[in-house]
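Structural features, examined
If you want the building blocks of each chain, they are given just below.
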Amino acid sequence: MIRFDAVSKKYPNGTTAVDGVTVELAEGAITILVGPSGCGKTTTLRMINRMVEPTAGTVSLRGRDIREVDAPELRRGIGYVIQHAGLFPHRTVLDNIATVPLLLGWGKKKARARAAELLELVGLPAEMAKRYPNQLSGGQQQRVGVARALGADPPVLLMDEPFSAVDPIVRAELQTEFARLQKELHKTIVFVTHDIDEAIRLGDRIAVFREGGRLAQFDTPERLLADPADDFVAGFVGQDRGIRRLSFVQAGGLPLREGPVLPVTSPVTEARALDEPWVLVVDDARRPLGWTPVADLPGSGTLADAALVPLGHTFNLVGDSARAALDSALLSPARLAVGVDADGAVVGVADAYELTAGAAPANPTDAAGSPVAADSTGGDR
Ligand SMILES: Nc1ncnc2c1ncn2[C@@H]1O[C@H](COP(=O)(O)OP(=O)(O)OP(=O)(O)O)[C@@H](O)[C@H]1O
């Protein structure tokens, strides 16, 4: 656990970068430091590995004041990843990753074996080991940067805007990989970003800083969205926080109704009798085939003769979030989200109003469910 106790940093030029921060960062969790430019995130991060010394207060790691620990010894237990990866250009990928084990005197063979393991861990193919950093894409370089920081298996990882220099698609990939990696590794991670979406996606806890280096709120992503401490935090998390919050509600608890759902073998007369504008046509295993507008149905025959309009997408009651469900409603031609079970069979439908009424309790502390790991519609929470 990393503890900041009334920590301030005033640089010699008079800038107060961090002002009286008291916060406890949990072991084995990802804490995100987020806030506008110049609000003291990097300074705060660097005070953990003594690259910056506080001018007041105490930073402690597992109960020990870090001033009592030799900086090199302290840093051996703390990996550090920065924007643009900061790789050594004249060393191969493998040697870059092996840097810290070599510094620790592991011997070349053991250090390289470890580096090869890490290359695989971060999802890069073995043949990249011999390349030089400039022969990799930005995203690949960042992965190497993460692998290098993990070299000596440090319990703590500091990451300063590690994914900011890549395009949004690669960035999303890196975030997904990083979340997967952390599930395996359970490191204590402190991660700086100015991107609130990244913070919400990756953080177990988020520290929102305001200008002047003060902590505006320290909370779970869900609480931050549901109950921002003040106007600054509300503005920073964005206008659409209500929708984003739905990412933290499991779809399993949403209220669904039977809806206008009929097997493809049903006569068209049955579809008309439902007195609904759209009917969802399903196969014999209740898997959805498509929506059909009742007004366009042929005069006779079965729904097999009906023209089907694509569904948009369904949402899964196991594993998807309420946000995926809402998206499903908004993209549906019938404006009805289709909830399916693990076999893809239709369980029920709901419109956007029904979904959000069921998913967003008035009292934020009642919010149902825990964070949903992955959102099958693209996870863009
Ligand atoms: N070495 C330094 N000397 C003087 N002032 C500094 C120094 N490093 C940072 N600052 C100032 O301290 C404040 C906080 O900087 P810091 O880099 O911690 O902010 P940040 O939130 O990480 O910013 P960004 O998102 O732009 O990277 C800024 O006003 C910055 O100009």
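It should be emphasised that the depicted structure is a prediction, and the values quoted were computed from it without experimental measurement.

**Regarding the site of the ligand**
The environment of the ligand is formed by 13 residues, the closest being Y11, A17, S37, T42 and T43. Residue contributions to the shell around the ligand peak at three residues, all from helix α1 (residues 41-46). Partitioned by chemical class, the residues of the shell around the ligand number three nonpolar, nine polar and one charged.

**Describing the nonpolar core**
Membership of the largest hydrophobic core comes to 66 residues, with the highest contact counts inside it found for I32, I97, L158 and V190. Setting aside chain neighbours within four positions, we find I97 in contact with A115, L118, L119, V144, A147, R148 and G151.

**Section: the domain arrangement of the chain**
When its domains are assigned, the chain resolves into domain 1 (2-248) and domain 2 (251-366). Look at where the C-alpha atoms of domain 1 and domain 2 centre, and you get two points 42 Å apart.

**Things to note about the sheet that holds strand β13 (residues 288-293)**
Spatial strand order, β11-β12-β13: three strands in an open sheet with mixed pairing. With one partner strand each, in any of the chains shown, β11 (261-263) and β13 form the two edges of the open sheet. Looking at each pair of strands side by side, their axes are set apart by 35° on average, direction ignored.

**A closer look at the pairing of strand β9 (residues 205-210)**
On any regular strand, side chains alternate: one points to one face of the sheet, the next to the other face. Of the strand pairs in this sheet, strand β3 (residues 30-34) and β9 are connected by four bridges, and their pairing is parallel. By the bridge assignment, T31 is partnered in β9 with R205. Direction of pairing for β9 relative to strand β10 (residues 214-219): antiparallel, over a ladder of five bridges. What sits directly across from V208, in β10, is Q217. Taking the residues between adjacent antiparallel strands as the criterion, β9 and β10 are bridged by three residues, where G212 takes a positive phi near 90°.

**A short note on the environment of V279**
Tracing the backbone shows V279 in strand β12 (residues 278-282). Note on V279: 25 C-beta atoms within 10 Å, which makes it buried.

**Notes on helix α5 (residues 108-121)**
Since the α-helix packs 3.6 residues into each turn, any two residues three or four apart lie on the same face. An ideal rise of 1.5 Å per residue puts 20 Å on 14 residues; α5 measures up with 20 Å between its terminal C-alpha atoms. Restricting attention to buried positions, one finds in α5 the residues A111, R114, A115, L118 and L119. Take α5 and look down its axis: the buried residues cluster within an arc of 145°, on one side only. Among the exposed residues of α5, those pointing more than 90 degrees away from its buried face are K109, E117 and E120.

Rules of the game
- Within each chain, residue numbers correspond to sequence positions counted from 1 in written order.
- This being a predicted model, a pLDDT of at least 70 is required before a residue's local features are given, and a value of 80 or more before pairs of side-chain atoms are given or counted; all residues contribute to the totals for chains, interfaces and linings.
- Using a C-beta atom placed from the backbone, a residue is scored as near a molecule or strand whenever that atom is within 6 Å of it.
- By definition, any uninterrupted DSSP run of H or I lasting at least four residues is a helix, any uninterrupted run of E lasting at least two residues is a strand, and each is numbered from the N terminus.
- Under the scheme applied, nonpolar residues are Ala, Val, Leu, Ile, Met, Phe, Trp, Tyr, Cys and Pro; charged residues are Asp, Glu, Lys and Arg; polar residues are all the others, including Gly.
- In these notes, a nonpolar core means any group of buried Ala, Val, Leu, Ile, Met, Phe, Trp, Tyr and Cys residues linked to one another through C-beta atoms within 7 Å.
- Around each residue's C-beta, the other C-beta atoms within 10 Å are counted; 20 or more make the residue buried, 12 or fewer make it exposed, and counts in between make it partly exposed. All C-beta atoms are placed from the backbone.
- Distance between backbone-placed C-beta atoms decides contact: two residues are in contact if it is within 7 Å.
- What counts as a domain boundary in this text is fixed by an automatic or database domain assignment.
- Two strands are said to pair when DSSP picks up at least two bridges between them.
- Orientation is described by lines fitted to C-alpha atoms, with helices fitted over the stretch in contact, and by angles between N-to-C directions that extend from 0 to 180 degrees.
- To estimate the expected span of a helix, subtract one from its residue number and multiply by 1.5 Å.
- Here, the arc refers to the directions that run from the helix axis to the C-beta atoms.

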